[in-house]
Amino acid sequence: MAEAYIVDAVRTAGGKRGGKLSGIHPVDLGAAVFDAIADRNDFDTKAIEDVITGCVSQGGQQSGDLGRNAVLASKLPDSIPSVTIDRQCGSSQQAMMFAAQGILSGTQDMVLASGIESMSRVPMGSTAMLYMKEGMGNYKSPRLEEKYPGIMFSQFMGAEMIVKKHGFTKDDLDAYAYESHLRAKAASEAGRFQREIVGVEIETPEGKQIHLVDEGIRFDATLEGIAGVKLLQEGGSITAASASQICDGASAVLICSEQALKDHGLTPRARIHHVSVTAGDPVIMLEEPLFATEKALKRAGLKIEDIDAYEVNEAFAPVPLAWMKYLGADHARLNVHGGAIALGHPLGASGTKLMATLLGVLDATGGKYGLQTMCEGGGQANVTIVVRVEQPINFFR
């Protein structure tokens, strides 16, 4: 049976909205992580058969097949094709799934999965709002309106629904957010992100610098400070402090077959054990990772206790809290190096970004199984389970 292996996973350090990465065109952000894959791994890059790139806001500087433009801007050969996909926040996790499926099917041997999102340059929702302002309508068709009358699907509304459904309080959300910053601070200061982060040259008032530290981490965070942030809506529980940070970034994961590992002398970091995607209620929207994970574990023949580290995207604090509660998961294994509340959520780039971090956690802890899941617009969720390769595989025996 064919196997799919992860050889390398990289990401840029996150940039805040209008922050350190806002001066970089998203095409060039993508090119930076593509270059890193080429530079860090000794192989002929002409062997890459496709680049699958996740991006949510595909307009303006992110239009015209963003992934292909990033290939053309990078040191990768122009002969490598690319496609840009949108499964909302799970776009680059879906890119990994498509890449793995290409390997597992035997039709490809080496595919680069990636994600790119500059939320400073192409703001979230702008691709819809610009059309609406021009009188060109929105996504809500007559048939969709008939099925969901009066409902404008909203992640904010969905997050508040999860709070109420699962009985969380604002204090629960604030405490979780504080812990995310503490973990990210500890990981950053201990150098845990060094292997995964790609330095990007930026212009600053002091001159050129290399951006290497996630800009969203509040190194001086206090629980009192987080608790004092105003509510996003009156009568709700969520604040900007208990939501993911708007973020600029890019990330990439190189996925290969066993044959490609042999041909190019590459050493894998992990084997992809399971990939799946499910969908459910589009109104509560963000709850689907609970049920997607349950189904994935059953199909993979595993229990939550078997998983040594989990990355559950922190779109809003109630999402990982509900996930833990529903599955009986161990908080100590969840988002060990912090999550999107501290590190940022660059939408379509978050899937491959989380995988880079998950592999780092497994390396640091010596864990075997890692699981990643992501809530997505439309009530969807991807799940990826990997097995860390503890010893170099000798394919030449």
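Above this note sits the structure.
Residues numbered from 1 in each chain as written. Predicted model: local features only at pLDDT ≥ 70, side-chain atom pairs only at ≥ 80, totals over all residues. Heavy atoms only, no water.

Draft legend 1. Spatial organisation of the packing of helix α3 (residues 91–104) against helix α13 (residues 350–365). Where α3 contacts α13, the two axes come as close as 5 Å, and the packing angle between them is 75°. Compared by their axis directions, α3 and α13 come out roughly perpendicular. For the pair α3 and α13, the contacting residues are Ser-92, Gln-93 and Met-96 in the first and Ser-350, Gly-351, Thr-352 and Met-355 in the second. Tallied by class, the residues present in the contact of α3 with α13 amount to two nonpolar, five polar and no charged. (Axes fitted to C-alpha atoms, helices over the stretch in contact; angles between N-to-C directions. Helix = DSSP H or I, 4+ residues; strand = E, 2+ residues; numbered from the N terminus. Parallel < 35°, antiparallel > 145°, perpendicular 65-115°, else oblique. Contact = heavy atoms within 4.5 Å. Nonpolar A, V, L, I, M, F, W, Y, C, P; charged D, E, K, R; others polar.)

Draft legend 2. View of helix α11 (residues 318–327). Among the ten residues of α11, eight are classified as buried, and the element is accordingly described as predominantly covered. Its buried side turned inward, α11 meets α6 (155–166), α7 (170–189), α10 (288–300), β11 (309–312) and β12 (369–376). Positive backbone phi, approximately 65°, marks Gly-328, located one or two places after α11. (Buried < 20%, exposed > 50% of the residue type's maximum accessible area, 1.4 Å probe, protein only.)

Draft legend 3. Examining the packing of helix α1 (residues 26–40) against helix α2 (residues 66–73) more closely. Axis separation between α1 and α2 bottoms out at 8 Å; the angle between their running directions is 60°. Judged by the angle between their axes, α1 and α2 are oblique. In the crossing of α1 with α2, the sense of the turn from one axis to the other is right-handed. Judged by residue contacts, Pro-26, Val-27, Asp-28, Gly-30, Ala-31 and Phe-34 of α1 engage Leu-66, Gly-67, Asn-69, Ala-70, Val-71 and Ala-73 from α2. Of the residues contributing to the contact of α1 with α2, the split by class is eight nonpolar, three polar and one charged. (Left-handed = near helix turned anticlockwise from the far one by under 90°.)

Draft legend 4. Geometry of the pattern of salt bridges. Tallied over the entire structure, the rule returns 15 salt bridges. Between Asp-39 and Lys-75 there is a salt bridge whose closest N-O contact spans 2.8 Å. Within this pair, whereas Asp-39 is found in helix α1, its partner Lys-75 is found in the loop between α2 and β4 (82–85), the two being separated by 36 residues in sequence. When its relative accessible area of 53% is taken as the criterion, Asp-39 is described as exposed. The salt bridge partner of Glu-201 is Lys-208, with a shortest N-O separation of 3.7 Å. Taking the relative accessible area as the measure of exposure, Glu-201 reaches 46% and is therefore partly exposed. One continuous salt-bridge network, built from bridges that share partners, spans Arg-11, Glu-196 and Asp-214. (Salt bridge = Lys/Arg side-chain N within 4 Å of Asp/Glu carboxyl O.)

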